[in-house]
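Read off the chains here:
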Amino acid sequence: MKTSNPVLARLGQAAERERSAGYAPAGPYGQPGIPQQYPSQAGYPAAPPTVAPMTVDDVVVKTVALLGILGITAAAAWVLVPDALVGTAWIGAAVVGLVLGLIISFSRMANPALVIAYAVVEGVFVGMVSKAFETAYDGIVLQAAAASFGIFFLMAMLYRAKVIRATPAFVKGMIAVMVGLFAVMMINLVLALFGVNTGLRDGSPLAIGFSLVCIVVASLSFVLSFKEIEDGVRMGLPQRYSWTAAFGILVSLVWLYIEILRLLSYFQGDD
């Protein structure tokens, strides 16, 4: 399977290795099965009968589960973390979440434990960010959450209706833009730590424009995830890869939510 979403970039390679292994069920006394070859369908090797293939329903269930874990963790962090430690918890969760996200993204195997751990850490991050913004701007969290899920469902409907299609040119362009934005945000963060203001996050017209670009790109990144899920189901990826597919959607949702939260704050001004 040709990759598109960098979050799901390793799925095709790992699934190909698992399909080529294709072992028969273990014998009656637990002895290893004998490697077998299974017929192809529609030009793709079929998953071994002993491995349940991933379905769209699997991805939906895993995505809802991860969102539930994130939401519960965010609420717990909001209530339990003292105000004096919000900044520390925010930065710590952001760093740990980034490390876990990179490990999952570049791992060759689906790891549900890591994905769940990521949802927990991101829950702390989202909870702390939300608490800080809600303290400064009353009602902003509900607005940002509603807008994020609204955009997600809109993109899902547009993709299903084939209004937006993940063509090769679209995929290449999106990957290039996403990598570029990630690099710009990392450079901006490092410069901010040294007291350098680039104007990308200070509420200026440049900051508003940058957030709008990030929101558009985060919204379009759902199309890449939908395409990868569609291809994965067609090619018979093992069921556990639904966790990795759900992880890709979660990453885009969190990114979209944070950018909308930030953009709304620019227009509300100081209390």
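Just so you know, these numbers come straight off a predicted model, no measurement behind them.

A word on the nonpolar core
Side chains of nonpolar character tend, in soluble globular proteins, to be buried together. Core analysis: the largest hydrophobic core is formed by 62 residues, its most contacted members being Leu66, Phe222, Val223, Ile249, Leu250, Tyr257 and Leu261. Those elements giving two or more residues to this core turn out to be α2 (56–80), α3 (86–106), α4 (112–136), α5 (140–160), α6 (168–193), α7 (205–235) and α8 (241–268). Counting residues per element, this core draws most heavily on α8, at 17 residues. One finds Ala77, Val86, Ala89 and Met128 within the second-largest nonpolar core, a separate group that totals five residues.

Description of the UniProt feature "transmembrane region" (unreviewed entry) in the protein chain
Within this structure's numbering, the places UniProt gives as "transmembrane region" (unreviewed entry) are residues 59–81, 87–106, 113–133, 139–159, 171–194, 206–229 and 241–258. Annotated as residues 171–194, this span is 96% helix and 0% strand, and its ends, taken at the C-alpha atoms, are 35 Å apart.

So, unusual backbone geometry
The phi dihedral of lysine 162 falls on the positive side, at around 65 degrees, and the residue is not glycine. Tracing the chain through its elements places lysine 162 in the loop between α5 and α6.

Topic: the packing of aromatic side chains
By convention here, two paired aromatic rings are described through the distance between centres and the angle between planes. If you walk through the whole model with that rule in mind, you get six aromatic pairs. For the ring pair tyrosine 159 and phenylalanine 226, a centre distance of 5.6 Å and an interplane angle of 50 degrees mean the geometry is tilted. A residue pair is termed long-range when its members are at least 10 positions apart, and tyrosine 159 in helix α5 and phenylalanine 226 in helix α7 qualify at 67 residues. For tyrosine 159, a relative accessible area of 15% corresponds to the buried category. Taken together, the ring pairs connect Phe152, Phe153, Tyr159, Phe222 and Phe226 into an aromatic cluster.

Criteria and cut-off values
- Residues numbered from 1 in each chain as written.
- Predicted model: local features only at pLDDT ≥ 70, side-chain atom pairs only at ≥ 80, totals over all residues.
- Heavy atoms only, no water.
- Core = buried A, V, L, I, M, F, W, Y, C linked by side-chain atoms within 4.5 Å.
- Buried < 20%, exposed > 50% of the residue type's maximum accessible area, 1.4 Å probe, protein only.
- Helix = DSSP H or I, 4+ residues; strand = E, 2+ residues; numbered from the N terminus.
- UniProt positions renumbered as here; feature names shortened; annotations may be inferred.
- Phe/Tyr/Trp six-rings, centres within 6.5 Å; stacked < 30°, edge-to-face > 60°.

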